[in-house]
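# Remarks on the overall topology
Chain by chain, the residues:
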There are 2 protein chains.
Amino acid sequence: MNLSIAEENYIKSIYKLEEDSPDSVTTNALAAELDTKPASVTDMAKKLKEKKLIDYEKYQGINLTAEGKKTALQIIRRHRLWECFLVNKLAFSWEEVHELAEELEHVRSEKLTNRLSEFLGNPTTDPHGDPIPDAHGKMGKPRIQTSLHKARAKRLEVVAVSDRSTALLEFLNAKGIRLGTQLDVIERYEFDNSIELKIKNQPAFTISEQVSKSIMVKPI
Amino acid sequence: MNLSIAEENYIKSIYKLEEDSPDSVTTNALAAELDTKPASVTDMAKKLKEKKLIDYEKYQGINLTAEGKKTALQIIRRHRLWECFLVNKLAFSWEEVHELAEELEHVRSEKLTNRLSEFLGNPTTDPHGDPIPDAHGKMGKPRIQTSLHKARAKRLEVVAVSDRSTALLEFLNAKGIRLGTQLDVIERYEFDNSIELKIKNQPAFTISEQVSKSIMVKPI
DNA sequence: AATAAAGTTTAGGTAAATCTAAATAAAACG
DNA sequence: CGTTTTATTTAGATTTACCTAAACTTTATT
């Protein structure tokens, strides 16, 4: 199937929202995710339904079909492989690669994708810790992980960051938070859900609820 | 300046046509090059003139401005670097990379381009032998070798054969065409782009367009 | 259950890049 | 030099992906 870049971006976003909660994806949520207007989402939903990539009935939300999921996984595979390339081969830091991969992922060539994967040593996770689907669309389950916002353990290890906005990633970098960083939770403030953290050999600092929701951790 | 992919492709094609002959580029020639209609070219010419990337007066043809040339060289740089990457790192053969590079070239990031160049060892020519502009838009002399299909000189020397199919190589062998062979072009037939050739002390013979595209030559 | 609020869709419109057909200008020719 | 041919431009449509404003559904709240 020949998809436009816009269509691919919709598929990818629907996949992402379905992953977070397996209910139907709402028009509003998708509009927010894609930074567009609900009316535009409705337009595109009709088109993607026509192409049998989503199930959609008006007012009933959106879900990917099997075909749609397959498509999404191909896009995600390309995206994450390019992120690996940029970080491992071109020495980009993990917070700058998302936007570039966002463009590179739309070059649709299976041969290119598979050769790139091979060149990188068929990696199974990207620089943010997310699993990379293989050539058949098989993807390792995301690790047992919660957001720092929900975690209750005192000592944690950072395993992924779910938000790819450059601003956030730069902030985390400045604080010394990256994959594998070990964090100690000093205090949780009820009134605004902010969290005071400490990294070994560094002064403690506080992060907002919003940031804590984007940091995925596992207990150690 | 922020250009659409369509605009970039126009700029690149104008550059190419100007390179071949330094006169103004005609609407028709550009339409043929871009596989589009003359009317579309006229529309785009107005837009690119507005952006000061070309000089254009109606019925007078098109030429790149200094700014337009700079833009073209950036695009060509990206294209040729990606071709190097595909051939040298991903083991593509040189005849399959053009279309992929055509897509990759539109990812506009100076940082990516320069890092890619560095990663490849700052190559100065691409896998076809064409020079790669440096980060400042400086480019070495255009290569002397082309396919026999494109060459315009009458007397040529064979420098490479790009197709490895046994059938073709047997055919060339039978005709006495090998590396270093000197060819005289007797006639070019417009209707099917076939070419009549002569090798010293042998009877003349004709080759198809397809074959002529696989024979790389340089003028002597 | 009635009404308010929130969410979604429709209707109608815009901008980019294309097209066809018709009009006009430039070039080539007798 | 006028006429025909070729090249180019204009006019008007089309498609894709958006948008706003208004209408309509669904859900939440009294």
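Because the structure is a prediction, the values reported are computed rather than measured. Within every chain, residues take consecutive numbers counted from 1 along the sequence as written. Labels are handed out in written order, letters beginning with A for the chains and numbers beginning with 1 for the ligands. Local features in a predicted model are, by the rule used here, given only for residues with pLDDT of at least 70; side-chain atom pairs are given and counted only at 80 or more, and totals for whole chains, interfaces and linings are based on all residues. Values shown for side chains rest on all heavy atoms present in the structure; no hydrogens or waters enter the calculation.

### Brief notes about the packing of aromatic side chains
- Aromatic rings from Phe, Tyr and Trp, taking only the six-membered ring of Trp, are treated as a pair when their centres fall within 6.5 Å; an angle between ring planes under 30 degrees marks them as stacked, one over 60 as edge-to-face, and anything in between as tilted. Summed over all chains, the structure comprises 8 aromatic pairs over all chains.
- With 5.6 Å between their ring centres and 80° between their planes, A:Trp82 and A:Phe85 make a pair best called edge-to-face. Of this pair, A:Trp82 and A:Phe85 are both found in helix H4 (residues 66–89), 3 residues apart, which corresponds to roughly one turn of the helix. Across the pair, exposure class does not vary: A:Trp82 and A:Phe85 are buried alike.
- Clustering of aromatic rings is evident, with ring pairs tying together A:Trp82, A:Phe85, A:Phe119, B:Trp82, B:Phe85 and B:Phe119.
- Over the aromatic face of B:Phe119 sits the side chain of B:Lys89, whose NZ or CZ is 4.7 Å from the ring centroid.
- Above the face of the A:Phe92 ring, B:Arg115 is positioned so that its terminal group lies 4.8 Å from the ring centre. Per the convention used, a helix needs a DSSP run of H or I reaching at least four residues, while a strand needs a run of E reaching at least two, with both numbered from the N terminus. Type-normalised accessible area, obtained with a 1.4 Å probe on protein chains alone, sets the label of each residue: buried when under 20%, exposed when over 50%, and partly exposed for intermediate values. Only Lys NZ and Arg CZ are tested; either one counts as a charge over a ring when it is within 6 Å of the ring centre and within 35 degrees of the ring normal.

### Remarks on the pairing of strand E5 (residues 182–189) of chain B
All names here are of chain B.
- Relative to E5, strand E4 (residues 155–161) runs antiparallel, the two sharing 3 bridges. Opposite Leu156, over in E5, you have Leu183 as the bridge partner.
- Bridge analysis of E5 against strand E6 (residues 194–198) gives 5 bridges, and the strand direction is antiparallel. Note that in E6 the partner of Tyr189 across the bridge is Ser194.
- By the convention used here, strands pair only if DSSP detects at least 2 bridges between them. Remark: 4 residues form the turn of the hairpin made by E5 and E6, two consecutive strands paired antiparallel; Asn193 in that turn has positive phi of roughly 55°.

### Considering the pattern of salt bridges
Residues and elements named next belong to chain A.
- Here a salt bridge means any side-chain nitrogen of Lys or Arg lying within 4 Å of a carboxyl oxygen belonging to Asp or Glu. Taken as a whole, this structure holds 25 salt bridges over all chains when the rule is applied.
- Between Lys47 and Glu7 there is a salt bridge, with its nearest N and O atoms 3.2 Å apart. Taken together, the positions of Lys47 in helix H3 (residues 38–50) and Glu7 in helix H1 (residues 5–20) put the pair 40 residues apart, joining distant regions of the chain.
- Among the residues examined, Lys47 registers a relative accessible area of 41% and is labelled partly exposed.
- Classification of Glu7 by relative accessible area gives buried; the value is 1%.
- For Glu8, the salt bridge goes to Arg78, with nearest N and O atoms at 3.0 Å. With Glu8 in helix H1 and Arg78 in helix H4, this pair connects stretches of sequence that are 70 residues apart.
- Its relative accessible area of 7% is what places Arg78 among the buried residues.

### Digging into the protein's contact with DNA strand C
- Throughout this document, a residue counts as near a molecule or strand when at least one of its heavy atoms sits within 4 Å of that molecule or strand. Surrounding DNA strand C, one finds 20 residues, the nearest of these being A:Tyr56, B:Ser4, B:Thr36, B:Ser40 and B:Lys47.
- Polar contact is the term for a pair of N or O atoms within 3.5 Å; when the atoms are in protein, one must be able to donate a hydrogen and the other to accept it, and sequence-neighboring residues count only if both atoms are side-chain atoms. Residue A:Tyr56 places a side-chain N or O atom 2.5 Å away from a phosphate oxygen belonging to DNA strand C.
- Within the backbone of A:Tyr59, an N or O atom sits 2.8 Å from a phosphate oxygen of DNA strand C.
- Contributing elements (two or more residues each) for the surface near DNA strand C: helix H2 (27–33) and H3 of chain A together with helix H1 (5–20) and helix H3 (38–50) of chain B.
- Classifying every residue of the surface near DNA strand C by side-chain character gives 8 nonpolar, 7 polar and 5 charged. Classes in brief: Ala, Val, Leu, Ile, Met, Phe, Trp, Tyr, Cys and Pro nonpolar; Asp, Glu, Lys and Arg charged; the others, Gly included, polar.

### Points about the domain arrangement of chain A
- Each domain of chain A was delimited in the assignment, giving domain 1 (5–64) and domain 2 (146–219).
- Here the bounds of each domain stem from an automatic or database domain assignment. Here the C-alpha centre of domain 2 of chain A lies 30 Å away from the C-alpha centre of domain 1 of chain A.

### Concerning the packing of H1(A) against H3(A)
Residues and elements named next belong to chain A.
- Lines fitted to the C-alpha atoms define the axes, with helices restricted to the stretch that makes contact. Angles between their N-to-C directions range from 0 to 180 degrees. One way to put it is that H1 packs onto H3 with a least axis distance of 11 Å and a crossing angle of 95°. Classified by the interaxial angle, the pair formed by H1 and H3 is roughly perpendicular. Here H1 contributes Ala6, Glu7, Tyr10, Ile11 and Ile14 to the contact with H3, which in turn contributes Ser40, Val41, Met44, Lys47 and Leu48.
- Each residue belonging to the contact of H1 with H3 can be placed in one class, and the counts come to 7 nonpolar, 1 polar and 2 charged. Note on angle classes: values under 35 degrees are labelled roughly parallel, values over 145 roughly antiparallel, values of 65 to 115 roughly perpendicular, and the remainder oblique. We call two residues in contact whenever any of their non-hydrogen atoms come within 4.5 Å of each other.

### What about the sheet that holds strand E3 (residues 146–147) of chain A?
- Reading across from one edge, E3-E8-E4-E5-E6-E7 (chain A) is the order of the 6 strands in this open sheet, with antiparallel pairing throughout. In this open sheet, the two strands that pair with only one neighbour each are E3 and strand E7 (205–207) of chain A.

### Digging into the pairing of strand E6 (residues 194–198) of chain A
Residues and elements named next belong to chain A.
- Note that E6 and E7 share 3 bridges and pair antiparallel. The residue of E7 that forms the bridge with Ile195 is Ile207.
- Counting the residues that bridge the hairpin from E6 to E7 gives 6 residues, and of these Asn201 lies at a positive phi of roughly 65°.

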